[in-house]
Amino acid sequence: MKLQLQTGSARLRLDEAELTRLLAGETLVLTVAPWPGARWCLEVALGTVLSLRREPTLQLQLPRAPVETYATTLPRRDACAFALADALDLQLEIDVRDSVRVRGRGKR
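Predicted model only: the values in this text are computed from it and were never measured.

Asks: Mind showing me how you'd approach the overall build of the protein here?
Replies: The helix and strand inventory of the protein stands at three helices and eight strands. Each helix (α) and strand (β) of the protein, taken in turn from the N terminus, gives the series β-β-α-β-β-β-β-α-β-β-α. Projected onto its principal axes, the C-alpha coordinates of the protein cover approximately 45 × 30 × 25 Å. Across the 108 residues of the protein, 35% fall into the buried class. Here the analysis covers contacts within the protein between residues at least 6 apart in sequence; of these, 41% occur between residues at least 24 apart. For the protein, the exposed surface amounts to about 7,100 Å²; the carbon and sulfur share of it is 51%. Charge separation in the protein, taken as the distance between the mean sites of 16 positive and 13 negative side-chain charges, equals 5 Å.

Asks: Can you walk me through the sheet that holds strand β2 (residues 9-14) in this structure?
Replies: The strands that make up a sheet pair up through hydrogen bonds in the backbone, lying either parallel or antiparallel. An order of β1-β2-β8-β7 is seen for the four strands of this open sheet, with the pairing classed as mixed. Single-partner strands in this sheet number two, and they are β1 (2-6) and β7 (80-84). For this sheet the average axis-to-axis angle between neighbouring strands, irrespective of direction, equals 15°. Across the sheet, helix α1 (residues 16-23) is in contact with β2 and β8 (88-94); its angle to β2 comes to roughly 100°.

Asks: Sorry if this is basic, but what is going on with the pairing of strand β6 (residues 58-63) here?
Replies: Along any regular strand, the residues point their side chains to alternate faces of the sheet. The sheet contact formed by strand β4 (residues 40-47) and β6 spans six bridges and is parallel. Paired with E43 across the two strands is Q59, which belongs to β6. Relative to β6, strand β5 (residues 51-54) runs antiparallel, the two sharing four bridges. Across the sheet, R53 pairs through a bridge with Q59, a residue of β6. Between the end of β5 and the start of β6, which pair antiparallel, lie three residues.

Asks: Just checking my understanding: could you explain the nonpolar core for this structure?
Replies: The nonpolar side chains of a soluble globular protein tend to be buried with one another. Within the largest apolar cluster, 22 residues are counted, with the highest numbers of intra-cluster contacts made by L12, L14, V44, L62 and L92. Mapped by element, the contributors of at least two residues to this core are β2, α1, β3 (28-32), β4, β6, α2 (64-72), β7 and β8. Ignoring anything within four residues of it in the chain, the contact list for L92 reads L12, L14, L62, V67, Y70, A79, C80 and F82.

Asks: Even after reading the chapter, I still don't get the sheet that holds β4, so can you show me in this structure?
Replies: Ordered in space as β3-β4-β6-β5, the four strands form an open sheet in which the pairing is mixed. Only two strands of the sheet have a single neighbouring strand rather than two, namely β3 and β5. Neighbour-to-neighbour, the strand axes of the sheet open up by a mean angle of 20°, direction not taken into account. Packed onto the sheet, α1 meets β3, β4 and β6 and runs at close to 60° relative to β4. Along the sheet face, α2 touches β4 and β6 and points at about 65° away from the line of β6.

Asks: Looking at this structure, how should I read the packing of α1 against helix α3 (residues 96-103)?
Replies: To characterise two packed helices, one gives the angle between the axes of the helices and the distance between these axes. Where α1 meets α3, the axes come as close as 9 Å, and the angle between the chain directions of the two elements is 80°. Taken as axis vectors, α1 and α3 run roughly perpendicular relative to one another. Taken together, the residues of α3 that come into contact with α1 (itself represented by E16, A17 and L19) are D98, S99, V102 and R103. Class assignment for the residues of the contact of α1 with α3 results in three nonpolar, one polar and three charged.

Criteria and thresholds
- Residues numbered from 1 in each chain as written.
- Predicted model: local features only at pLDDT ≥ 70, side-chain atom pairs only at ≥ 80, totals over all residues.
- Heavy atoms only, no water.
- Helix = DSSP H or I, 4+ residues; strand = E, 2+ residues; numbered from the N terminus.
- Buried < 20%, exposed > 50% of the residue type's maximum accessible area, 1.4 Å probe, protein only.
- Contact = heavy atoms within 4.5 Å.
- Areas by Shrake-Rupley, 256 points an atom, 1.4 Å probe, with all protein chains shown as cover.
- Lys, Arg positive; Asp, Glu negative; His and termini not counted.
- Charge placed at Lys NZ, Arg CZ, Asp CG, Glu CD.
- Pairing = 2+ DSSP bridges.
- Axes fitted to C-alpha atoms, helices over the stretch in contact; angles between N-to-C directions.
- Core = buried A, V, L, I, M, F, W, Y, C linked by side-chain atoms within 4.5 Å.
- Parallel < 35°, antiparallel > 145°, perpendicular 65-115°, else oblique.
- Nonpolar A, V, L, I, M, F, W, Y, C, P; charged D, E, K, R; others polar.

Have a look at this one:
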C-alpha cells in the first residue's frame, strides 16, 4: 500500500493482493517512520460509509459498495474517487500492471 498526500487530496494505491485482503474484511496497515523516533500509522478498512478518524492511529473507512463495483471493472487506469467533507479528495487506485498480470487485459 502506498499513500501520496498533497494539500486537499490523497492517493491510496493498492496492489491486487491488498485489494483481495481488503474485500475479504481485513484491515490494511501502513506504517511510516519518516525520521528516528517518529511513527505514523494508517489503517484502511471497508465499511458502510466513508470516514476518517484518529484514535490513536489514523483510521480510514471506505464504503464497501463502490470499492466492490470498482474492483469488478479492473484492470483500469482511473481511480475510484471519494470526497471527505469538502476537505479531502481521496483517490483509490489499484496498480494497473499488477491487475493486468493477475486478471489479464480488460475487454475494450
